[in-house]
Amino acid sequence: MDKLEGYYFSALFSGCFLLSSILFSKITRQQRDPYMDESFHIPQAQLYCQGHFNQWDPMITTLPGLYLASVGMVKPAAWLFGWSDSVACSSGMLRFINLLFSLGNLYMIYLILSKINCKNKVSSFKKILSTLTLYAFPTLYFFTFLYYTDTGSTFFVLFAYLMCLYGNHKSASLLGLCAFFFRQTNIIWIIFCAGNVISEKLTEAWKTHLKKRDENPSAKGSVSEAVKALVFLFQYCLSVRNIIMLVQLTWPYITLVLGFFVFLSFNGGIVVGDKTSHEACLNFPQLFYFLGFTLIFSFSHLFSPQKLKEFIKSVWKQPLIYMALAGISVILIWKFTYVHKYLLADNRHYTFYVWRKIFQRHELVKHLLVPGYLFAAWSFADSLKGKSIFWLLMFYSCLLAAMVPQKLLEFRYFIVPYIIFRLNIPIPSVPKILLELALYVTINVFSFYLFLHKTFQWPDNEQVQRFMW
């Protein structure tokens, strides 16, 4: 970064740390005891602080990456400052680990935006403003202040992605291992990193193939382009030489994926601990929920009167395709909608009210939303039209793998795919970014106000309950 941009970023970093620290202090004073999933995470981390690495809470479903990272940070600090274990591993100190991870996310977002847009003439102000906006992304920012796995998990995924973009694939795979230890489903985003490497090589070979045949590439994102690309991909993979070259390029990621399959065989599934509450299924509507979520949170980029006109034109030109997509969507919603028991039972989460106020209002509501899902999907794909066809095939495959097996509708599961999507669309105009930032700030203010000031109690429980994501 140049000198002026360095000043901008330093001011941003310092301002975010100061504001987040003030908010952190407020939340920690109001909610001193572990809350929600913290009641599992904090005692487990405290056991690790005491050196009891062989004790494990069977209700925890993720690997111990968060606890190991926490001990690795608080123990040296305790030794340096003379803190006791009760201070170093208190709820407040453990939550502070996530505040540090969130600042790491801020830096990773900035570096990735700079790398992806290095060939474009993007002003320093737009990059800094985009970084601030993504840092304030409500679903991620909220969990900065609680001892959950989301902030650290996102940090290691973004760090691995950054190293991948710079071609440091061994480092990316080691960081991917850290991400996997925070959340097992992050293996999908390690495959995404490998897919970045493969898509670059395939794009180069595709351009050479078209040049030799003296063909012009089809329209970006068109069905004919996708079909031709898939045929080319099949032919490309028939060559042993090509496969060997791709393996040589991606072997650090392949090693990690093979290790994942070993883990699956020994563990008997992707979830550790309470497997019964986190069973995989073909919940295809999860993809529709994610697209709707993305349309709302990126509305300044994905929705406009002009985009709506273009979508209607696209439907008018290809009515049979859209009718087929609508029919398939209705069938998927009809046959593959799953409702997790947690979604219906826990009124502390926003998803409880989304499901109750929208989807449970009438049996037909979930089908009537199909036109909105189609527009969201079209706008989502349109915003990525600058990417190569092979990058798109790779990203959409990872998105399906991340979304569809999840039975529980949980907005936290949308964090990583949303951030990766948002990083890869062109940086929009300043007014659009400001509009997005205004939305994020408004939602954050509302969320923290509810969490801090609109507490309630269950009839059979004396503990104070709070609304949260």
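An account of the accompanying structure is given in this report.

Conventions used here
Residues numbered from 1 in each chain as written. Predicted model: local features only at pLDDT ≥ 70, side-chain atom pairs only at ≥ 80, totals over all residues. Heavy atoms only, no water. Helix = DSSP H or I, 4+ residues; strand = E, 2+ residues; numbered from the N terminus. Rg over C-alpha atoms; globule rule 2.2 N^0.38 Å. Buried < 20%, exposed > 50% of the residue type's maximum accessible area, 1.4 Å probe, protein only. Contact = heavy atoms within 4.5 Å. Areas by Shrake-Rupley, 256 points an atom, 1.4 Å probe, with all protein chains shown as cover. Salt bridge = Lys/Arg side-chain N within 4 Å of Asp/Glu carboxyl O. Phe/Tyr/Trp six-rings, centres within 6.5 Å; stacked < 30°, edge-to-face > 60°. Lys NZ or Arg CZ within 6 Å of the ring centre and 35° of its normal. Disulfide = S-S within 2.5 Å. Patch = residues over 30% accessible without salt bridge, like charges linked within 9 Å, V, L, I, M, F, W, Y side chains within 5 Å. Axes fitted to C-alpha atoms, helices over the stretch in contact; angles between N-to-C directions. Parallel < 35°, antiparallel > 145°, perpendicular 65-115°, else oblique. Nonpolar A, V, L, I, M, F, W, Y, C, P; charged D, E, K, R; others polar. Expected span 1.5 Å × (residues − 1).

### Quick word on the overall build of the chain
- Counting its regular elements, the chain contains 23 helices and two strands.
- The C-alpha atoms of the chain give a radius of gyration of 23 Å, which matches the 23 Å a tight globule of 469 residues would have.
- Taking the principal axes of the C-alpha coordinates as reference, the chain spans close to 70 × 50 × 50 Å.
- In the chain, which comprises 469 residues, the proportion classed as buried is 51%.
- Expressed as a percentage of contacts within the chain between residues at least 6 apart in sequence, the contacts between residues at least 24 apart total 78%.
- Counting every atom, the chain has about 22800 Å² of accessible surface; 67% of that belongs to carbon and sulfur.

### Details of the pattern of salt bridges
- For the coordinates displayed, the defined rule picks out 12 salt bridges.
- The residue Asp-382 makes a salt bridge to Lys-307 at a minimum N-O spacing of 2.8 Å. In this pair, Asp-382 sits in helix 20 (residues 370-383) while Lys-307 sits in helix 15 (residues 305-317), placing the two residues 75 residues apart along the sequence. In this structure, Asp-382 and Lys-307 share a single accessibility class: buried.
- Salt-bridge contacts for Asp-382 lead to Lys-385; the nearest nitrogen and oxygen are separated by 3.5 Å.

### Examining the packing of aromatic side chains
- What the rule picks out here adds up to 69 aromatic pairs.
- Summarising the aromatic geometry, the rings of Phe-395 and Tyr-396 are spaced 6.0 Å apart at their centres and angled 45° between planes, so their arrangement reads as tilted.
- Among the residues examined, Phe-395 registers a relative accessible area of 0% and is labelled buried.
- Using a relative accessible area of 27% as the deciding quantity, one classes Tyr-396 as partly exposed.
- In this arrangement the basic side chain of Lys-387 is found over the ring face of Trp-391, its NZ or CZ atom lying 5.0 Å from the centre.
- We note Arg-412 situated over the ring of Phe-143; from NZ or CZ to the ring centre the distance is 5.5 Å.

### With respect to the state of the cysteines
- Evaluated as defined, the whole model comprises one disulfide.
- In this structure Cys-118 is a free cysteine whose sulfur lies 14 Å from that of Cys-164, the closest cysteine sulfur available.
- You can see Cys-237 has no disulfide; the closest cysteine sulfur is in Cys-398, sitting 15 Å from it.

### Description of a nonpolar patch on the surface
- Side chains of Ile-243, Val-247, Trp-251, Ile-254, Leu-258 and Phe-261 sit close together on the surface and give an oily, nonpolar patch of about 550 Å² of accessible area.
- Assignment of secondary structure puts Ile-254 in helix 12 (residues 240-267).
- For Ile-254, a relative accessible area of 33% corresponds to the partly exposed category.

### Let's talk about the packing of helix 3 (residues 65-81) against helix 5 (residues 91-116)
- Closest axis-to-axis distance for the helix 3/helix 5 pair is 10 Å, and the angle between their directions is 95°. By the angle class used here, helix 3 and helix 5 are roughly perpendicular. Every residue of helix 5 that contacts helix 3 at Leu-66, Ala-69, Ser-70, Met-73 and Val-74 is listed here: Leu-94, Ile-97, Asn-98, Leu-100 and Phe-101.
- Across the contact of helix 3 with helix 5, the residue classes tally to eight nonpolar, two polar and no charged.

### Some thoughts on helix 20
- Here helix 20 is 14 residues long and its end C-alpha atoms lie 20 Å apart, about the 20 Å a rise of 1.5 Å per residue gives.
- Burial analysis of helix 20 places 10 of its 14 residues in the buried class, which makes it a mostly covered element.
- For helix 20, the complete set of buried residues consists of Val-370, Tyr-373, Leu-374, Phe-375, Ala-376, Trp-378, Ser-379, Phe-380, Asp-382 and Ser-383.

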